[in-house]
Every structure is written in structure tokens, then in C-alpha cells.
Amino acid sequence: MDDIYDLIIIGGGPSGMMAACRVAERGKKVLLLEKNKRLGEKLRISGGGRCNITNAEYDTRLLLKKYGKAEPFLYSLFDIFGVADTFRFFEERGLPLVVEANKRAFPSTYNADDVEKVLETSLRKGTVSVRTSSSVTRIIRDGARIDSVCSGASIFRAKEYILATGGTSHKETGSTGDGFTWLQELGHTVVTPTPTLVPIASSSVWVHESAGVTVDDAKVTFFVDMKKQFTIRGRVLFTHFGLSGPLILNSSHKIAELLQTGEVTATINFFPDTDIGTLDTHIVSIFDANKNKELKNVLKDVLVDGPHKGVLHEVKNMVDISKKVHSVTKDERKKLVQLLAGVPLSIEGLMGLDRAIVVDGGVPCDEIDMKTMKSKKINNLYITGDLLHISRPSGGYSLQLCWSTGYVAGDSVGRGEASSL
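Note that the coordinates shown come from a computational prediction; the quantities given were computed from them, not determined experimentally. (Residues numbered from 1 in each chain as written. Predicted model: local features only at pLDDT ≥ 70, side-chain atom pairs only at ≥ 80, totals over all residues. Heavy atoms only, no water.)

So, on to the overall build of the protein chain. Looking only at helices and strands, the protein chain has 15 helices and 21 strands in total. With respect to the three principal axes, the spread of C-alpha positions in the protein chain is 85 × 45 × 40 Å. Per-residue burial over the protein chain gives 56% buried out of 421 residues. Just so you have it, the protein chain exposes about 17,900 Å², and 48% of that area is on carbon and sulfur atoms. Measuring between centres, the 53 positive side-chain charges of the protein chain sit 1 Å from its 50 negative side-chain charges. (Helix = DSSP H or I, 4+ residues; strand = E, 2+ residues; numbered from the N terminus. Buried < 20%, exposed > 50% of the residue type's maximum accessible area, 1.4 Å probe, protein only. Areas by Shrake-Rupley, 256 points an atom, 1.4 Å probe, with all protein chains shown as cover. Lys, Arg positive; Asp, Glu negative; His and termini not counted. Charge placed at Lys NZ, Arg CZ, Asp CG, Glu CD.)

Structure (C-alpha cells):
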């Protein structure tokens, strides 16, 4: 058996690293166990590698409304470490943040690796011993406390423990739900995880052919059994399986509800600020300038920033796309205009846990002292990040939850009433 630590942190993701940074500042003897070969695997892919580090909403009341039913539990937590503290933490360590649309904050380098480096550098400056490639296989309980943890052939003991293993989204990064199993064994309730921010699956060929294209401003309208339900507008990312991007992800819960009621379809308008007449005039001007070109070669001038190659699959169903533009009839042009104002696509469903950006489920907030992140079931255990049953949208809210819960847990170590060894 190795030395006895003040704290063992299980999980080297965002909340685990933040907790380690805070504990390191307080001079505690800490062991951080991470199952992957390196720390911060999920952090490195967040925001497509750009890392939407937080949301720059400084009004705590407005911010916490984004966390749904968990809102009343979070005020004391965010009073201790909130958005302004996140900005201060990273900027004091040489990584300025920039704010984009919808108050989404990113590192100025737009590189998630730089966020991880700041955290790892900070925790390694202190009294934190890091062991990577060290999967915890068992947590040994002694009454209302944790006695020790097993990793391979080693057994480690500490006065206190932080569980920061993450939920079940992006399992390729090591978030396989081990923490949920241990928490149930320790007597906690665990709400079954379900994907809350998840891309749309579509069987429409034109969507698949558009994979990799991002449209900055499109209007997407959803229908159930051909009846209009709701419309959203913003950035849309086309993928090989369907649609993604913050706009789609933040609407996935509404789409999930529609899927329970009937056949769901959608249309995408690539000219949301243009009426039919103006769009027709725009296309006429392009046709006039390219009379002797084939239609298939002119569509890219119509959809300059759009998925013109994919949309061609829909256009060819109504007109011969190898036809010279000067031979396109008025009726055919009108059909093209109508199509571009609402390209149809099928909605097969939502992608599963393996594609989810955020998964809810986990330990309910009422089983945690949210002022300290200490378990109300096990008196020397703290629980952070995605292990908590807290819903939130895309836009920096998930990482802010990790920073807040990680910092508060790390700050609380040694100040509570955990049993001494």
C-alpha cells in the first residue's frame, strides 16, 4: 500500500484538473488518477477543438436559468466560483479569453490544448502527483466513508476523495460511466443518463453529400405529419449522418418530443432574409450572367456559402442539371426558387449517447452539499462535473459547471468533517 494522501482525485478531465489546481494552491498532498494516457482528453475535443470555455453571462440569475431544474441548487456554488472567476483564473495564467456571439467565450488562441496546458501546468506546480494510464477498478467503502481505491495491483488511501470521472458522452475519451456505477454502489441515486444535446440523424442523400459544410445563417423549420411545429435560425453544420452545430443541439430536446408524436420532417431556407420575389430576381441576374453555362455549374454562384453540391441532388429531381442556363424554363426556375427557400430533409431521429455533446443523468443535486460539493451519503467524498444530474444547453455552460464544481470541491478539501485515518 502506498502513502496516505490528503486527497485522491479520480478523473483528470476539466473538473478533476480544476479541483487539483485549487488543492495544489492549498499545499495538500494529492494523487490524481487518470485512466487515459494523458490528462484532459475530452477537454481537447470540446468546441471542435476550439474550446467554448464558458458563457460570458455575468448576471448569475440569468446564467443559472440555463441549468433548468438545478437552478435553485447552484447559487451558492456560483457565488464561490462563477464566470468572472473563470475569466480571472485563465487570464492570470497567461491565457486571455475572447467573447463571440451569444456570449460564447473561447481562449484567444482558439485551441483547447492551450486550456489543458494551463490547467496541467498549474496543478503540477503544486503538490499533486499525477498517474496516467491508471484505471480505478474498485472503491473500497468503510461504513459512511471511502477507505481506499484499487488501481491495477496498487491500493491507494486518502483522507478525502473527489470523483470526477465524467458522464457517458464521448466514450472514446474515457467517459464510460464508471463513476455512475461506483456512486450507486456507494448508496447514491443515479438518474439514468440520456443525451440532451445531440445531433439530428437524416437519411436525405443531399444532406450527407454536404458533410463538412457549415452555413452561418439558415432557417430550419420542423414539421410533424406535414404540419409546421417550430422554426429556428442560425448556424447549421452538415455531417455524414445529418445535422449538428449549437443551433441544432440546443433544439434536440424539442425534436425528441416531436419524434414521439408522428413523422418528423424539416426544410432549410438558405436565404432567411429574402422573400420569394427577391430571390427569384437574384437568380435571374445570375442566370443572365451565365447563360451558356450548365445549370450544375451555376448553382455554386447561387449558394455561394451553402451546400451547392448536396442541393444538386434535389435540383436534378426537377430539372436536367446538365441543361444550359439559357434553356431553363421560367417554370423550372420558379421551382428552383421554391426549393432554395425550403430544401426538404427527412428526420430519422436523434443520434445516440456516442454522438451526444452533453448527457444528463447522474446524482441529483439534493444528494450533494452544493456549497462544498460533498456527498450527503459518504462523508469524505466530493462529486463534480458531469456526474451531477444537471441539464444545460450548448454555449459554454457545461465547462463552466466543471470549473465551478471542481474549484469548490478542491477548495473544500480538508475543511469539512471527513473522518481522519
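After presenting the structure, the write-up continues.
Okay, the nonpolar core next. Grouped together as the largest cluster of nonpolar side chains are 78 residues, with contacts concentrated most on Ile8, Phe90, Leu119 and Trp403. Residue contacts for isoleucine 8: discarding those within four places in its chain leaves Leu31, Leu33, Val149, Phe156, Arg157, Ala158, Glu160, Tyr161 and Ile162. Counting 45 residues, the second-largest nonpolar core is a separate cluster that includes Ile248, Ile268, Leu279 and Ile347. (Core = buried A, V, L, I, M, F, W, Y, C linked by side-chain atoms within 4.5 Å. Contact = heavy atoms within 4.5 Å.)

What follows deals with the environment of phenylalanine 106. Mapped onto the secondary structure, phenylalanine 106 falls in strand E5 (residues 104-107). You can call phenylalanine 106 buried: its relative accessible area is 1%. As a C-alpha pair, phenylalanine 106 and leucine 95 span 11 residues in sequence and 9.9 Å in three-dimensional space. With residues up to four places along the chain from it excluded, the contact list for phenylalanine 106 reads Arg50, Cys51, Asn52, Ile53, Pro96, Leu97, Val98 and Glu100.

What follows concerns the pairing of strand E7 (residues 138-142). Alignment of E7 against strand E8 (residues 145-151), held across five bridges, turns out to be antiparallel. Residue pairing in the sheet places arginine 141 in a bridge with isoleucine 146 of E8. (Pairing = 2+ DSSP bridges.)

Further remarks concern the sheet that holds strand E12 (residues 214-224). Strand order in the open sheet formed by seven strands is E16-E15-E12-E13-E14-E11-E17, with antiparallel pairing between adjacent strands. Lying at the two open borders of the sheet, with one neighbouring strand each, are strand E16 (343-346) and strand E17 (349-350). Where E12 lies against strand E15 (residues 264-269), six bridges are found, and the strand directions are antiparallel. Its bridge partner being in E15, valine 220 is matched across the sheet by isoleucine 268.

Moving on: the confidence of the model for the protein chain. Mean pLDDT over the protein chain: 88, with 92% of residues reaching 70 or higher. The low-confidence segment residues 169-175 (pLDDT under 50) makes 25 contacts with residues lying over four places distant or belonging to another chain. Confidence drops under a pLDDT of 50 for residues 417-421, and excluding neighbours within four residues, the segment shows 14 contacts in the predicted structure. (pLDDT = per-residue confidence, 0-100.)

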